[in-house]
Amino acid sequence: MAKTDGGDGGFSELFDLIRNYAKRDRDHQEKALRLITVAYEGSPEVEGMPDARQAVDDILERHDYVFPTSGLGTLDPRSVDAVVRVALYEEGNREWGIDRLGRMLQGLVRRLDAEGGYPEYAEDTSVVMTGLQTVVTGALMEELVEDLQEIAGELVEDAAPRDLPPTTDAPRTLSGAVPGEEDVATPREEAPPLIDRQELMDLLAQAGTPTEVAVARGAADSYLASNPSDGDVRAARDHLSAPGGDQT
């Protein structure tokens, strides 16, 4: 992908919305993370994306870097996914992504110490480590991954309560974080969609520029992979203008 030039290109309205949501309540912040994840999904047609790092920071800082799942309080994997996708968008974002994922690990330790009992600690830590490994393998020498995993393992062992039985749950993985690799996981709950249907329909209806069309098409393809019988979304996707201005 091409490097960002600091401008918002054809995404000014979308990213104004993301920045606005990032500074509001938790539900709006969740929507901002969904939109960031979709916008940075990785379509090669999408170039010159605005810099979303500040919006992600605005959200994470307000939650001590542990953005909670609504109603459960456990780490929302979409926050990890958003950091990973922004970090991998261009090389200059990699160091930022590694730093923020490290702060998430520290935030999980602080939460464990504060609460005294955090049954999901090991599982949430594995989600962050999966994201960290994804960014590291894209930014640094592959040999460093094992060292980071060893450090994280020691951190879990030292910080986990001694009276809790060892977890046998398989670690969750970030869907689509490592293209070409099979995701193997035993999630405690069904992963929420990256974007809800109404938000998707709005993206499809408002897409006008080639970059907006590419993002909307990618979001529709992801949604239809899980909901192939949704004829309205498929029809809206098929009527998008192609990058050259033709209908698909």
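The shown structure was predicted, so the numbers you read here are calculated from the model rather than taken from an experiment.

The rules behind these values
- Residues numbered from 1 in each chain as written.
- Predicted model: local features only at pLDDT ≥ 70, side-chain atom pairs only at ≥ 80, totals over all residues.
- Heavy atoms only, no water.
- Helix = DSSP H or I, 4+ residues; strand = E, 2+ residues; numbered from the N terminus.
- Contact = heavy atoms within 4.5 Å.
- Polar contact = N/O pair within 3.5 Å; in protein donor to acceptor, adjacent residues only side chain to side chain.
- Phe/Tyr/Trp six-rings, centres within 6.5 Å; stacked < 30°, edge-to-face > 60°.
- Buried < 20%, exposed > 50% of the residue type's maximum accessible area, 1.4 Å probe, protein only.
- pLDDT = per-residue confidence, 0-100.
- Axes fitted to C-alpha atoms, helices over the stretch in contact; angles between N-to-C directions.
- Parallel < 35°, antiparallel > 145°, perpendicular 65-115°, else oblique.
- Nonpolar A, V, L, I, M, F, W, Y, C, P; charged D, E, K, R; others polar.
- Left-handed = near helix turned anticlockwise from the far one by under 90°.
- Core = buried A, V, L, I, M, F, W, Y, C linked by side-chain atoms within 4.5 Å.
- Salt bridge = Lys/Arg side-chain N within 4 Å of Asp/Glu carboxyl O.
- Arc of directions from axis to C-beta.

On to the environment of Arg103. Locating Arg103 in the fold gives a position in helix H5 (residues 94-115). Setting aside residues up to four positions removed in sequence, Arg103 forms contacts with Tyr65 and Arg110. For Arg103, the side chain forms a polar contact with the side chain of Asp99, separated by 2.8 Å.

This brings us to the packing of aromatic side chains. For the structure shown, the criterion picks out 3 aromatic pairs. When the ring of Phe15 is compared with that of Tyr40, the centres are 6.3 Å apart and the planes differ by 80°; the resulting orientation is edge-to-face. Taken together, the residues Phe15 in helix H1 (residues 12-22) and Tyr40 in the loop between helix H2 (26-39) and helix H3 (53-61) connect sequence positions 25 residues apart. Of the two residues examined, Phe15 and Tyr40, each falls in the buried class. Ring plane angle 90° and centroid distance 5.2 Å describe the contact between Tyr40 and Tyr89, whose orientation is recorded as edge-to-face. Of this pair, Tyr40 sits in the loop between H2 and H3 while Tyr89 sits in helix H4 (residues 77-89), and the two are 49 residues apart along the sequence. Of the residues examined, Tyr40 reaches a relative accessible area of 5% and is grouped as buried. Aromatic rings pair up to connect Phe15, Tyr40 and Tyr89 into one cluster.

Turning next to the confidence of the model for the chain. Confidence in the prediction for the chain averages 74 pLDDT; 66% of positions are at 70 or higher. Predicted confidence in the chain is weakest over helix H7 (residues 144-159), with a mean pLDDT of 63, and strongest over H3, with 95. Note that residues 164-173 has pLDDT below 50 and, in this model, 21 contacts with residues that lie over four places away or in other chains.

Our next topic: the packing of H3 against H5. Interaxial distance between H3 and H5 falls to 12 Å at its minimum, and their mutual angle equals 5°. Between H3 and H5, the interaxial angle falls into the category roughly parallel. Two secondary-structure elements touch here, H3 through Arg53, Val56, Asp57 and Leu60 and H5 through Trp96, Arg100 and Met104. Its residues assigned to classes, the contact of H3 with H5 shows 4 nonpolar, no polar and 3 charged.

What follows concerns the packing of H2 against H3. For the pair H2 and H3, interaxial distance at closest approach is 11 Å and the crossing angle is 145°. Once H2 is placed against H3, the crossing between them reads as left-handed. On H3, the residues touching Gln29, Ala32, Leu33 and Ile36 of H2 are Ala55, Val56 and Ile59. Partitioned by chemical class, the residues of the contact of H2 with H3 number 6 nonpolar, 1 polar and no charged.

Now for the side chain of Ser79. You can see Ser79 is positioned in helix H4. Polar contacts involving the side chain of Ser79 include one to the main-chain carbonyl oxygen of Asp76, which spans 2.7 Å. Setting aside anything within four residues of it in sequence, one finds Ser79 in contact with Leu33, Leu60, Phe67 and Met104.

Further remarks concern the nonpolar core. Counting residues in hydrophobic clusters, the biggest one holds 57 residues, and the most contacted among them are Ile36, Tyr40 and Leu101. Of all the secondary-structure elements, those providing two or more residues to this core are H1, H2, H3, H4, H5, helix H6 (121-139), helix H8 (197-206) and helix H9 (210-226). Leaving out residues up to four positions away in the same chain, Leu101 has contacts with Val80, Val83, Val84, Val128, Gly131, Leu132 and Val135.

The next thing to look at is the pattern of salt bridges. For the coordinates displayed, the defined rule picks out 15 salt bridges. Two residues, Arg53 and Asp51, come together in a salt bridge whose shortest N-O distance is 2.6 Å. Overall, Arg53 belongs to the partly exposed group, its relative accessible area being 24%. Of the charged contacts, one joins Asp232 and Arg197 as a salt bridge, the two residues approaching to 3.4 Å between their closest N and O atoms. Of this pair, Asp232 sits in helix H10 (residues 231-238) while Arg197 sits in helix H8, and the two are 35 residues apart along the sequence. What makes Arg197 partly exposed here is its relative accessible area of 33%. Each of the salt bridges in this network shares a partner with another, and the network as a whole consists of Arg26, Asp27, Glu30, Arg34, Asp76 and Arg78.

Buried within H1 we find Leu14, Phe15, Ile18, Tyr21 and Ala22. Seen from one end, H1 has its buried residues packed into an arc of 120°, which puts them on one side.

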